[in-house]
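# Topology and contacts: notes
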Amino acid sequence: MQNFLLGIGSSLVAALILTFGTSRGPLGHRVSFRTVVRDVQRLIGAVNAEVDYSPEAIVSVNRSGAIVGSIMSGTLRRLLVRSPLTVGTVYERHNGIRLTRQASGRPDVTQFACRLLVACVNDSGESMRVVLEWIREVNPNAEIRTAAVYSSDKASIQPTYVAQRLGATRGYSTNRFLTRLPWMGREWVHGLALERGAHPRP
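Calculation rules
Residues numbered from 1 in each chain as written. Predicted model: local features only at pLDDT ≥ 70, side-chain atom pairs only at ≥ 80, totals over all residues. Heavy atoms only, no water. Pairing = 2+ DSSP bridges. Helix = DSSP H or I, 4+ residues; strand = E, 2+ residues; numbered from the N terminus. Axes fitted to C-alpha atoms, helices over the stretch in contact; angles between N-to-C directions. Buried < 20%, exposed > 50% of the residue type's maximum accessible area, 1.4 Å probe, protein only. Core = buried A, V, L, I, M, F, W, Y, C linked by side-chain atoms within 4.5 Å. Contact = heavy atoms within 4.5 Å. pLDDT = per-residue confidence, 0-100.

Let's shift gears to the sheet that holds strand β9 (residues 161-165). Read across the open sheet, the five strands follow the order β4-β3-β7-β8-β9; overall the sheet is parallel. In this open sheet, the two edge strands, each paired with only one partner strand, are β4 (85-87) and β9. Mean inter-strand twist for the sheet, computed between neighbouring axes without regard to direction, equals 20 degrees. For strand β7 (residues 114-122) and strand β8 (residues 143-151), the ladder comprises eight bridges, and the chain directions are parallel.

Next up, the structure:
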């Protein structure tokens, strides 16, 4: 029942994105939803092409990863569960050092022997690293691979599957790219908003 409700929620989110995905954001024109879907499909094709890898579940990193994971869950072959399990992270600054930690409310990922960890934009790689280390801690024998629709060449973790490498194909930083995603309207609450050129929200 929980997965069914999550699937309904994912469909509603996708419908809203299709409606508002091409509007103008605070930094100019956003990346179109059609562009994101095209790149997600490229990522799906890369995973489906692997004959020796059959992920049973998608674990998504943060909110944007959940949106991407929802699209992939509807198309990726051989999944046992058709909704992503989402793990959130929190960004903080202490003495000028950026720290990334897991948010509360972690899902149960121990029931799956093979997982695909998915991020939308892998900028520094720290969110993916934190979630990946946690999964390996709770189930060290499970197989897990990583995927990102967009990834920086400078990220600390380079995903197994990448649709677009931002350093090679985009004319602006991953921080700025993050704020141009189609679902990030003016009221979207950003982590480390000022560093990403977005307006902070309470």
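A few words on the pairing of β8. Taking burial as the measure, the nine residues of β8 include eight buried ones, the bulk of the element. The sheet contact formed by β8 and β9 spans four bridges and is parallel. The partner of A147 across the bridge, within β9, is Y161.

In terms of burial, β7 is a largely internal element, nine of the nine residues being buried. Bridge count between strand β3 (residues 57-61) and β7: four bridges; the pairing is parallel. Pairing of I58 across the sheet is with L116, part of β7.

A few words now on the nonpolar core. Counting 32 residues, the largest nonpolar core has M72, L116, V121, L181 and W183 as the members making the most contacts within it. Taken together, the elements giving at least two residues each to this core come down to α2 (33-48), α3 (62-73), β7, β8, β9 and α6 (174-178). Sorting elements by how many residues they give to this core places α2 first, with seven residues. Apart from the residues lying within four places of it in its own chain, the contact partners of L181 are R30, V31, V36, S64, C120 and V121. The next biggest cluster of nonpolar side chains, apart from the first, holds 18 residues, and it includes V59, V131, I135 and I157.

Another aspect to go through is the confidence of the model for the protein chain. Overall, the predicted model of the protein chain reaches an average pLDDT of 79, with 75% of residues at or above 70. Low confidence marks residues 1-8, where pLDDT is under 50. Its contacts with residues over four positions away, or in another chain, come to four contacts. In the predicted structure, residues 196-202 sits below a pLDDT of 50 and forms 22 contacts with residues beyond four places in sequence or in another chain.

With the exception of glycine, the majority of residues adopt a negative phi angle, and the majority of peptide bonds are in the trans configuration. Phi is positive for N62, close to 65 degrees, though the residue is something other than glycine. Relative to the assigned elements, N62 resides in helix α3. The buried category is assigned to N62, whose relative accessible area is 18%. The phi angle at R78 is positive, at roughly 75 degrees, despite the residue not being glycine. Here R78 is to be found in the loop between α3 and β4. Under the relative-accessibility criterion, R78 is labelled partly exposed at 35%.

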